Amino acid sequence: VKAVHRKEKPFRCSECDYCTPRISDLTKHIKAIHRKEKTFRCSGCNHHTAYKRSLKTHVRVVHRDERSFQCPQCNYCAKSKSTLIRHVKAVHLK
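As the structure is a prediction and not an experimental result, all values here were calculated from the model.

## Brief notes about the packing of aromatic side chains
The geometry of an aromatic ring pair is captured by the separation of the ring centres together with the interplanar angle, meaning the angle of the planes.
Step number 1: If you walk through the whole model with that rule in mind, you get 0 aromatic pairs.
Step number 2: Its end group placed over the ring of tyrosine 51, arginine 53 keeps NZ or CZ at 4.9 Å from the ring centre.

Structure representation (structure tokens):
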């Protein structure tokens, strides 16, 4: 609670400037960034990643072709927020 509300980040990486309020996040950071461990593997292809949420996004976007980002001005749906922003700028903000 203190870490979140006071924005304290007592856990610091010994190899870079990264700091976090949770030891579990520091552990994930070290494995992913410094050890280059990619423990989450896609069962549908050879993609692998260090983060579970990245694997979930990969499966949703690549294998299920989900387009969760709806344009507020037309029927276009994008796979990612950045693609939707690019669409809005190119099509609606000319």
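## A few points about unusual backbone geometry
Step number 1: Even without a glycine there, the phi angle at lysine 36 is positive, about 60°.
Step number 2: Among the structural elements, lysine 36 can be located in the loop between helix H2 (23-34) and strand E3 (40-41).
Step number 3: Take lysine 36: its relative accessible area is 60%, and that puts it in the exposed class.
Step number 4: Despite not being glycine, aspartate 65 has its phi angle at roughly 55°, a positive value.
Step number 5: With respect to the helices, strands and loops of the structure, aspartate 65 is situated in the loop between helix H3 (52-63) and strand E5 (69-70).

## Topic: H3
One turn of an α-helix holds 3.6 residues; hence residues three or four places apart share an orientation.
Step number 1: The end-to-end C-alpha distance of H3, which contains 12 residues, comes to 16 Å, matching closely the 16 Å that a straight helix rising 1.5 Å per residue would cover.
Step number 2: Turning to H3, its buried residues are Leu55, His58, Arg60 and Val61.
Step number 3: At its buried positions, H3 is contacted by E3 and strand E4 (48-49).
Step number 4: Looking one or two residues past H3, aspartate 65 carries a phi angle of roughly 55°, positive in sign.

## Brief notes about the pattern of salt bridges
Step number 1: According to the stated counting rule, one finds 4 salt bridges in the structure shown.
Step number 2: When the shortest N-O distance is used, the salt bridge between aspartate 65 and lysine 79 registers 3.0 Å. Placement of aspartate 65 in the loop between H3 and E5 and of lysine 79 in the loop between strand E6 (77-78) and helix H4 (81-92) is noted, with a sequence separation of 14 residues between them.
Step number 3: The exposure class assigned to lysine 79 is partly exposed, which follows from its relative accessible area of 28%.

## Considering the side chain of aspartate 25
Step number 1: Turning to its location among the elements, aspartate 25 is positioned in helix H2.
Step number 2: Aspartate 25 gets classed as buried once you look at its relative accessible area, which sits at 18%.
Step number 3: Polar contacts involving the side chain of aspartate 25 include one to the side chain of arginine 22, which spans 3.0 Å.
Step number 4: In this structure aspartate 25 touches Tyr18 and Thr20, once residues within four positions along its chain are discounted.

Reading the values: the criteria
Starting from 1, residues in each chain are numbered consecutively following that chain's sequence as written. With pLDDT at 70 or above as the cut-off, local features in this predicted model cover only qualifying residues; side-chain atom pairs require 80 or more to be listed or tallied, and sums for whole chains, interfaces and linings still use all residues. Values shown for side chains rest on all heavy atoms present in the structure; no hydrogens or waters enter the calculation. Between rings of Phe, Tyr and Trp, where Trp is taken as its six-membered ring, a pair exists when centres lie within 6.5 Å; planes separated by under 30 degrees are stacked, by over 60 edge-to-face, and by other angles tilted. Charge over a ring is defined by NZ of Lys or CZ of Arg lying within 6 Å of the ring centre and within 35 degrees of the ring normal. A run of DSSP states H or I qualifies as a helix once it reaches four residues; a run of E qualifies as a strand once it reaches two. Both are numbered from the N-terminal end. Here the term buried applies to any residue with accessible area under 20% of the maximum for its type, exposed to any over 50%, and partly exposed to those in between, with areas from a 1.4 Å probe on protein chains only. Helix span, as expected, comes to 1.5 Å for every residue beyond the first. Here a residue-residue contact requires only that any non-hydrogen atoms of the pair lie within 4.5 Å. Definition used for salt bridges: Asp or Glu carboxyl oxygen within 4 Å of a side-chain nitrogen of Lys or Arg. Polar contact is the term for a pair of N or O atoms within 3.5 Å; when the atoms are in protein, one must be able to donate a hydrogen and the other to accept it, and sequence-neighboring residues count only if both atoms are side-chain atoms.

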